[in-house]
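Examination of the molecular architecture
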Amino acid sequence: MEYIVEGIRHALRLIFSLDSEIFGIVLLSLKVSTIAIFLSSLTGVPVGFFIGVSEFWGKKLLVTIFNTLMAFPTVVVGLLVYSFISRQGPLGPLGLLFTPRAMVIGQFILATPIIVALTISATQGIDPRVKITAMTLGAGPLRTAVTILSEARFALMAAVVAGFGRVIAEVGCAMMVGGNIRGYTRTMTTAIALETAKGEFAFGLALGFILLAVAFSVNLLLHWLQSKRD
Amino acid sequence: MDTFQFEIRDLTKVYNGKTVLDIPHLTIKKGSIYGAMGPNGSGKTTLLSMLSLLLSPTSGKIYFEGIDIDEADKHVLRQKMTLVLQNPFLFSTTVEKNVAYGLKARGIEKGERKKRIMECLELVGLEGFEKRRADELSGGETQRVAIARALTLYPKVLLLDEPTANVDRRSVDVLEGILKELNQRFGITIILATHDINQAYRLADEVISLFGGKIAKSPVENLFKGRVLREKDIFLFDTGRIKVAILPETDEVSHISIPPEAVIISHEPISTSARNSFSGEIYQVADGGDSVTLVVDAGEKLTVKVTKKSFQEMRLNVGSRVYLTFKSSSVEVF
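As the structure is a computational prediction, the values presented were derived from the model and not from experiment. (Residues numbered from 1 in each chain as written. Chains lettered and ligands numbered in written order. Predicted model: local features only at pLDDT ≥ 70, side-chain atom pairs only at ≥ 80, totals over all residues. Heavy atoms only, no water.)

Points about the domain arrangement of chain B
According to the domain assignment, chain B contains domain 1 (6-216) and domain 2 (223-333). When each unit is reduced to the centre of its C-alpha atoms, the spacing between domain 1 of chain B and domain 2 of chain B is 37 Å. (Domains from an automatic or database assignment.)

Some words on the layout of surface pockets
In this structure, the second largest pocket encloses a volume near 400 Å³. Taken together, 20 residues line the second largest pocket, and the ones lying closest to its centre are Val 53, Lys 131, Ile 132, Thr 144 and Ile 148 of chain A. Mapped onto the lining of the second largest pocket, the elements with two or more residues apiece are helix 2 (20-53), helix 5 (100-124), helix 6 (129-136) and helix 7 (141-151) of chain A together with helix 2 (74-78) of chain B. Among the residues forming the lining of the second largest pocket, the class breakdown is eleven nonpolar, six polar and three charged. (1 Å grid on protein atoms, 1.4 Å probe; cavity = no way out; pocket = protein on both sides within 12 Å on 5 of 7 lines; lining within 4 Å. Points joined across faces, edges and corners; volume = space filled by probe spheres on them. Helix = DSSP H or I, 4+ residues; strand = E, 2+ residues; numbered from the N terminus. Nonpolar A, V, L, I, M, F, W, Y, C, P; charged D, E, K, R; others polar.)

Quick notes on empty space enclosed by the protein
All chains considered together, the criterion is met by two cavities of 30 Å³ or more. The calculated volume of the largest cavity comes to roughly 70 Å³. Lining the largest cavity are Thr 133, Thr 136 and Leu 137 of chain A together with Thr 82, Leu 83, Val 84, Leu 85, Pro 88, Phe 89, Ala 146, Arg 149 and Ala 150 of chain B. Going through the elements one at a time, helix 6 of chain A together with strand 6 (81-84) and helix 5 (139-151) of chain B are the ones with two or more residues in the lining of the largest cavity. A breakdown of the residues in the lining of the largest cavity according to their chemical character gives eight nonpolar, three polar and one charged. As for the second largest cavity, its lining consists of Ser 29, Val 32, Ser 33, Gln 107, Val 167, Ile 168, Glu 170, Thr 187 and Thr 189 of chain A. At three residues, the largest contribution of residues to the lining of the second largest cavity is made by helix 2 of chain A. Residues belonging to the lining of the second largest cavity are distributed by class as follows: three nonpolar, five polar and one charged.

Observations regarding the interface of chain A and chain B
Each side of the interface is counted separately: chain A has 19 residues, and chain B has 23 residues. Looking only at chain A, the three residues that lose the most surface to chain B are Arg 129, Thr 136 and Leu 137 of chain A, adding up to 33% of its buried area. At the junction of chain A with chain B, the criterion picks out zero salt bridges. Applying the counting rule to chain A against chain B returns nine residue pairs in polar contact (both at pLDDT 80 or more). Breaking the side of chain A that touches chain B down by element, the ones donating at least two residues are helix 6 and helix 7 of chain A. Ranked by residue count, the leading element in the side of chain A that touches chain B is helix 6 of chain A, at seven residues. (Contact = heavy atoms within 4.5 Å. Buried area = accessible area lost by both parts, 1.4 Å probe. Salt bridge = Lys/Arg side-chain N within 4 Å of Asp/Glu carboxyl O. Polar contact = N/O pair within 3.5 Å; in protein donor to acceptor, adjacent residues only side chain to side chain.)

Considering the sheet that holds strand 8 (residues 189-194) of chain B
Residue and element names in this part refer to chain B. Read across the sheet, six strands follow the order 6-7-8-3-9-10 without closing on themselves; strand pairing throughout is mixed. Unpaired on one side and paired on the other, strand 6 and strand 10 (214-216) mark the two borders of the sheet. Strand-to-strand twist in this sheet, taken as the mean axis angle between neighbours without regard to direction, amounts to 25°. Sheet strands touched by helix 5: strand 6 and strand 7 (157-161). Its angle to strand 6, the strand with the most contacts, is close to 175°. (Pairing = 2+ DSSP bridges. Axes fitted to C-alpha atoms, helices over the stretch in contact; angles between N-to-C directions.)

Details of the pattern of salt bridges
Residue and element names in this part refer to chain B. In the structure shown here, the tally under the stated rule is 23 salt bridges over all chains. Close ionic contact of Lys 156 with Glu 65 constitutes a salt bridge, the shortest N to O distance being 3.4 Å. Taken together, the residues span a long stretch of sequence, with Lys 156 in the loop between helix 5 and strand 7 and Glu 65 in the loop between strand 4 (59-64) and strand 5 (67-68) at a distance of 91 residues. Of the charged contacts, one joins Arg 133 and Asp 135 as a salt bridge, the two residues approaching to 3.4 Å between their closest N and O atoms.

Section: the side chain of Thr 325 of chain B
Take Thr 325 of chain B: it is sitting in strand 20 (residues 321-326). Not counting residues within four places of it along the chain, the set of residues in contact with Thr 325 of chain B comprises Ala 262, Val 263, Ile 264, Ile 270, Thr 272, Ala 274, Asn 276 and Ser 277 of chain B.

Remarks on the packing of helix 10 (residues 188-198) of chain A against helix 11 (residues 201-228) of chain A
Residue and element names in this part refer to chain A. Two elements in contact, helix 10 and helix 11, have axes whose closest approach is 8 Å; the angle formed by their N-to-C orientations is 155°. Taken together, helix 10 and helix 11 sit at an angle that is classed as roughly antiparallel. Relative to helix 11, the crossing made by helix 10 is left-handed. Contacts from Met 188, Thr 189, Ala 191, Ile 192, Glu 195 and Thr 196 in helix 10 reach Phe 201, Phe 203, Gly 204, Leu 207, Gly 208, Ile 210, Leu 211 and Val 214 in helix 11. Across the contact of helix 10 with helix 11, the residue classes tally to nine nonpolar, four polar and one charged. (Parallel < 35°, antiparallel > 145°, perpendicular 65-115°, else oblique. Left-handed = near helix turned anticlockwise from the far one by under 90°.)

Observations concerning the pairing of strand 4 of chain B
All names here are of chain B. Sheet analysis places strand 1 (residues 6-15) next to strand 4, joined by five bridges and oriented antiparallel. Bridged to Ile 8 within strand 4 is Ile 62. Hairpin connection of strand 4 to strand 5: two residues between the antiparallel strands, including Glu 65 at a positive phi of 50°.

Considering the nonpolar core
Residues Ile 22, Met 188 and Leu 207 of chain A together with Leu 158, Leu 160, Leu 182 and Ile 190 of chain B are the most contacted members of the largest nonpolar core, which totals 85 residues. Sorting elements by how many residues they give to this core places helix 2 of chain A first, with nine residues. With near-sequence residues (within four places) excluded, Ile 22 of chain A lies in contact with Leu 14, Phe 203, Ala 206, Leu 207 and Ile 210 of chain A. In this structure, Ile 246, Val 296, Phe 311 and Phe 326 of chain B belong to the second largest nonpolar core, which totals 28 residues. (Core = buried A, V, L, I, M, F, W, Y, C linked by side-chain atoms within 4.5 Å. Buried < 20%, exposed > 50% of the residue type's maximum accessible area, 1.4 Å probe, protein only.)

Pasting the structure below:
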């Protein structure tokens, strides 16, 4: 019990002294996850929208696949990306293994199905009158699509935040393709895993608090945006 | 410009093997108000959806100002008209942005946009509502914003699906006034779907009665247009050809309907308490199973129903002279 209290005390000291190593780790985590989510949103939202609004053969199966992929084990994604970018892999010559870029790729693969699946349900949840109204007012296909997305904006924000929550907190993939290299590819989660294994509870706890704080702030931001409403 | 606003030929719409609309021929004149009337499921909404190019016909043709819509750019045609839904949807933003929507879609510049928005909000009596959030409005206000949103487009055709179904009585009067004014001031062709016969006849120049997806000859039989005359304490409705005693003591009647079942037919004038008695000649006879439908020319052609038995006992036939008698209380007024 004693060492936990001591750990928390030490963790708070590390946070408030703005420890440069912790600071660097947090920054890298945010950078990698933000880039990955940005790219995921850019692809996932249009793909999800298209699946959501159109009718085609095999749509149900596709939706089920994306729903399943939401729970894609991070180590499996790690393994997959690893096999592609390792020296013998097809993308080996690009030298991506154990770089932040590799982590972005892994996180992109993890987040995209979440954003796609949640965008599908967001667009399907939209009142069918939105499309009809846009059409009767003379909107073309593109403007109609943008209008539907705009009506679904809060659900879309939630989709993006869910994706971010998944990747900022995942450890398996970042560890495998990033390599947890100090000062280069060490993220909050990989650092926590390592420091705990080493018995450095204080360091791990400090990062744990920050990780929680980040997740909490992002959700708070979403909540604030939703309550603000336009 | 002698083309019709719309012309429909052999139009059908089939859903899941069921024909929901079947109109062999229908023309809509420019600058008139049409009331598409009928009960739920009669095909009113389907008709409006097809005229506004939201739905494609299963077969048949629709011409817009003489142009076959299948051969035209639908997007261009859609921008010439607009449909206001029964439960209009307002985008979750401000009233102003809602009204601006169609104008932006047409690439109309900001100054002109602002001008039209103000003009149309004023027209529907919602000036000062620009910054209000659309989802905080009442049902009547929502309907009026939707109409303003449609009007800013200066459409040639305004289609409305049950425009007053979800609004309070006071708003109904306001809305009907707006529609009349629009039609008179700007010559907009208006087609509205309604299940309210009174509204149809109050507003429309022509009423299209739909029943089971088909155009019915008349929704209510023996329907006459005219005005009320007063003779002493009796209220008479003058159709131009005959004068019919009516019960409600009001001048605000523009149409009457005489239910065919309410009319008594006889060879000789009969003395009863009924105020209406006309003599006429049987013009047409149609067998309807247990009953026979007669059309009697008594100044106006009146449809009368008799049982087959009476028809045979009375030896009625085309050309027979008969008397028609019915109570003033049986006359329906609109």
